[in-house]
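Chains, contacts and geometry: an overview
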Amino acid sequence: MKAKSRKVPMFRRKICVRWPSYDVLSQDVNSASLVQNELGFNPLVQFKQNEMLRAYEVRIKSAFDEVKSVVQELFVQRTRSGFACKIQDVVRTRLGITFSQEVLNKFEQNNFDSDSFYCECIFAQFMAMSKEFFEQDPLKGQNRAKAENMFRKAGFHAVGIAPCADGRLAHLISYVLRLPYSLVRRKAHAGALFDVSESVRNWVFIEHSRFRESVPNSIDEPTRYLKIAVYHYSKSDPSHQGCAAHGSDDTKAAEAALSKLNDFRQAIENRFGCGSTVQTLLIGMNTDDDSLKMYIPDKEGKVCLDRFIETNALFHQTTKMTAEQAKVQIQQAVMQCNARSGSSPALESMNELIAWFIENNFSQIEYVNQYEKGCYSDIGHAERFIGIGSGFEEVQLRNLTYYSYLDTVEEGFNDVDVGIKIFTGLNINKGLPIPIIIRCDYDGRVPGSKERAESKAKRIEGAVHSRYTDLSEAGKLQTLCTLRDNTGHQPAERISLACQL
Ligand SMILES: [Zn+2]
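Residues numbered from 1 in each chain as written. Predicted model: local features only at pLDDT ≥ 70, side-chain atom pairs only at ≥ 80, totals over all residues.

**Here we look at the overall build of the chain**
Spelled out, the test is: Only DSSP runs of H or I covering at least 4 residues are called helices, and only runs of E covering at least 2 are called strands; the numbering of each starts at the N terminus. In this treatment the radius of gyration is a C-alpha quantity, and the globule benchmark scales as 2.2 Å times the residue count to the 0.38 power. Contacts here follow a simple rule: the backbone-placed C-beta atoms of the two residues must lie within 7 Å.
On a plain count of helices and strands, the chain comes out with 17 helices and 11 strands. Rg of the C-alpha trace for the chain: 23 Å, near the compact-globule value of 23 Å for 501 residues, within the 12% margin. Overall, the C-alpha framework of the chain stretches about 75 × 55 × 40 Å when taken along its three principal axes. In the chain, 69% of the contacts between residues at least 6 apart in sequence involve partners at least 24 apart.

**A short note on the confidence of the model for the chain**
What counts is decided by this rule: pLDDT is a per-residue confidence score from the predictor, ranging from 0 to 100.
For the chain, per-residue confidence averages 88 on the pLDDT scale, and residues scoring 70 or more make up 90% of the total. Counting contacts from residues 1–34, a segment whose pLDDT is below 50, to residues more than four positions away or on other chains yields 43 contacts.

**A closer look at helix 15 (residues 413–426)**
For clarity, the cut-off: By this rule, a helix spans an expected 1.5 Å times one less than how many residues it contains.
Look at helix 15: 19 Å from first C-alpha to last across 14 residues, which is about the 20 Å you get at 1.5 Å a residue. Buried positions along helix 15 lie against strand 7 (385–389), strand 8 (401–405), strand 9 (434–442) and helix 16 (449–467).

**Observations concerning the packing of helix 4 (residues 47–76) against helix 7 (residues 114–136)**
The line we're drawing: A fitted line through C-alpha atoms represents every axis, and for helices the fit uses only the stretch in contact; the resulting angles, taken between N-to-C directions, go from 0 to 180 degrees. Relative orientations are named as follows: roughly parallel for angles under 35 degrees, roughly antiparallel for angles over 145 degrees, roughly perpendicular for angles from 65 to 115 degrees, and oblique for any other angle. Left-handed is the label given to a crossing in which the near helix is rotated counterclockwise from the far helix by less than a right angle, and right-handed is the label when the rotation is clockwise.
Two elements in contact, helix 4 and helix 7, have axes separated by 10 Å at closest approach and are oriented at 155°. Classified by the angle their axes make, helix 4 and helix 7 are roughly antiparallel. Crossing geometry of helix 4 relative to helix 7 is assigned as right-handed. Along its contact with helix 4, which presents Ile 60, Ala 63, Phe 64, Val 67, Val 70, Val 71 and Phe 75, the element helix 7 presents Ser 114, Phe 117, Tyr 118, Cys 121, Ile 122, Gln 125 and Met 129.

**What about the nonpolar core?**
A general tendency of soluble globular proteins is for nonpolar side chains to be buried together. To keep things clear, this is the line we draw: The term nonpolar core means buried Ala, Val, Leu, Ile, Met, Phe, Trp, Tyr and Cys residues held together as one set by C-beta atoms within 7 Å. Any residue with 12 or fewer other C-beta atoms within 10 Å of its own C-beta is exposed, any with 20 or more is buried, and the rest are partly exposed; the C-beta atoms used are placed from the backbone. Just so you know, the domain bounds were taken from an automatic or database domain assignment.
Membership of the largest hydrophobic core comes to 133 residues, with the highest contact counts inside it found for Cys 164, Ala 229 and Val 230. With 11 residues, the single largest contributor to this core is helix 14 (residues 348–372). Both domain 1 (57–138 + 381–494) and domain 2 (145–372) contribute no fewer than three residues apiece to this core. In this structure, Cys 164 is in contact with Leu 169, Ala 188, Ala 190, Gly 191, Ala 192, Val 230, Tyr 231, His 232, Cys 243 and Ala 245, ignoring residues within four places of it in sequence.

**Some remarks on the domain arrangement of the chain**
A common way to report how large an interface is uses the accessible area buried once the components associate. The following threshold applies: Here the term charged refers only to Asp, Glu, Lys and Arg, the term nonpolar to Ala, Val, Leu, Ile, Met, Phe, Trp, Tyr, Cys and Pro, and the term polar to all other amino acids, Gly among them.
Considered domain by domain, the chain is made up of domain 1 (57–138 + 381–494) and domain 2 (145–372). On a C-alpha basis, the centroid separation for the pair domain 1 and domain 2 is 31 Å. The interface of domain 1 with domain 2 comprises 18 residues on the first partner and 16 residues on the second. Listing elements by their share of the side of domain 1 that touches domain 2, those giving two or more residues are strand 8 and helix 15. Here the element with the most residues in the side of domain 1 that touches domain 2 is strand 8; it accounts for 5 residues. Looking at the side of domain 1 that touches domain 2 residue by residue, the classes come out as 7 nonpolar, 6 polar and 5 charged.

**Points about the sheet that holds strand 1 (residues 156–163)**
Quick reminder of the rule: Here, a strand pair is defined by DSSP locating no fewer than two bridges between the strands.
Spatially, 2-1-3-4-5-6 is the arrangement adopted by the 6 strands of the open sheet, whose pairing is mixed. Edge positions in the sheet fall to strand 2 (184–186) and strand 6 (308–310), since each of these pairs with one other strand and no more. Averaged over all pairs of adjacent strands, the angle between their axes in this sheet comes to 20°, without regard to strand direction. Alignment of strand 1 against strand 3 (residues 224–233), held across 7 bridges, turns out to be parallel. Paired with Ala 158 across the bridge in strand 3 is Tyr 225.

**What to know about unusual backbone geometry**
A cis geometry characterises the amide bond from Val 215 onward to Pro 216, with omega recorded as 0°. Here Pro 216 is to be found in the loop between helix 10 (196–213) and strand 3. Although it is not a glycine, Asp 137 adopts a positive phi angle of roughly 50°. On the secondary structure map, Asp 137 appears in the loop between helix 7 and helix 8 (145–153). Even without being a glycine, Asp 290 presents a positive backbone phi close to 65°. With respect to the helices and strands, the residue Asp 290 is situated in the loop between strand 4 (279–286) and strand 5 (292–295). Using a count of 25 C-beta atoms within 10 Å as the deciding quantity, one classes Asp 290 as buried.

**Describing the environment of Lys 293**
Secondary-structure assignment places Lys 293 in strand 5. Taking the C-alpha atoms as reference, Lys 293 lies 8.7 Å from Asn 312; in sequence the two are 19 residues apart. Here Lys 293 is in contact with Ile 283, Gly 284, Phe 308 and Glu 310, once residues within four sequence places are set aside.

**A few points about the pairing of strand 8**
Among the 5 residues in strand 8, 5 count as buried, and that is most of the element. Residues Thr 401, Tyr 403 and Tyr 405 of strand 8 are buried on one face, and the alternating residues Tyr 402 and Ser 404, pointing to the opposite face, are buried as well. Relative to strand 8, strand 7 is paired through 5 bridges, and the arrangement is parallel. In the sheet register, Ile 388 faces strand 8, and the bridge partner there is Ser 404.

What follows is the structure in structure tokens.
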């Protein structure tokens with residue numbers, strides 16, 4: 001889905017045309033600052049980090065996108081002798097993966113089922129990505145000390161983020177907010193409509209760990225839990241490319257996310273008393289360019305839809321400043337936001353945290369400026385597979401996955417229905433099957449946890465195939481069951497060869 005006409009502001013085009021090489025920018029800090037100031041680049045942008053993130057995004061997405069042409073190449077050669085060897089040769093050189101003899105035999109015996117083969121390759125790429133992500137930490141998301149310190153200084157011991165399940169928000173943690181994936185809990189739902197009861201259970205679990213083990217900190221420290229909901233919109237095509245779960249109505253999307261946050265806060269206070277209150281934060285994300293609407297809470301921590309700051313505007317206001325001036329400007333903007341609407345200012349620590357988020361987002365705004373000419377060419381859906389279940393921390397890339405958190409097969413299938421609808425346009429209508437990866441995390445310290453997770457994954461898999469019978473029977477919907485021990489940095493484990501061969 002590519003937009004035929006995109007509104008790209010003139011200033012963005014100008015920035016992209018004059019981009020200097022990173023070699024110049026990284027010579028040393030002083031010369032880099034000079035180059036940035038001369039060319040009008042924002043002083044708070046992390047250029048080297050952008051370079052690293054871009055290299056990862058391009059490499060991983062290419063690995064998935066190459067699958068289609070590999071399938072086409074092999075389909076033409078399917079009747080030739082020694083085809084199994086040819087398959088192995090092509091997937092190894094073009095996709096960097098190696099199939100077992102068992103898999104190769106199945107494809108040869110079946111006279112090459114291209115739908116199964118397509119999904120098998122997507123699944124193999126996912127497993128390779130997962131292994132690299134957890135074992136090599138390519139995005140440095142296991143390095144959490146600095147961010148942990150920032151949250152603690154702001155008075156928070158744990159952070160939960162509930163974005164929309166839309167694949168255009170899948171890079172929210174590592175790219176848009178530049179947070180370490182291992183520090184924040186992410187649970188995505190269509191329309192950011194997170195499960196309040198599940199969130200309460202998680203909160204109880206965290207508070208219990210503080211009480212019994214002083215993890216992540218002692219119950220005596222007056223810190224709180226921070227819950228962030230992220231809805232989204234498209235400024236260039238608001239009535240078509242907004243949130244599908246809210247009919248691309250930005251106001252409805254924002255109201256619904258805020259309503260969930262208020263319910264969560266109320267639930268904690270009603271059940272555990274006002275001393276147990278949590279802090280909530282609402283963020284809106286423009287999926288065209290990854291800029292944010294940061295809603296500033298008042299002194300009591302209440303969020304209001306009329307009080308927000310747009311990071312894109314601040315980014316351009318601070319471009320010709322020094323880094324120190326830009327930081328001061330951001331903090332003042334956050335403080336003045338509430339004053340303008342006659343509301344009480346947020347707590348100073350909260351202001352600092354929001355200012356830090358804004359500063360982090362500046363790097364992503366520049367990322368989109370530089371690499372996407374200020375606006376993504378795929379402003380709509382372009383996901384490569386559907387992910388269902390819990391976890392999927394290794395998915396940190398925009399439009400790679402339509403991810404839907406699902407705890408039980410009875411609940412959560414509405415989100416999967418939205419995903420199937422999206423993939424009917426993306427894949428089925430173009431002759432491609434829908435690859436679905438199921439994930440159930442388990443706690444390796446708990447006896448029987450892995451076995452229960454495996455049973456659950458298979459239950460979800462069975463429910464998926466029976467809910468979408470026509471697609472499944474036609475071989476147009478294929479699944480892979482995976483597990484992961486979430487107590488460390490272990491990669492996903494494959495528990496079944498789910499291709500229906
Ligand atoms: Zn959405």
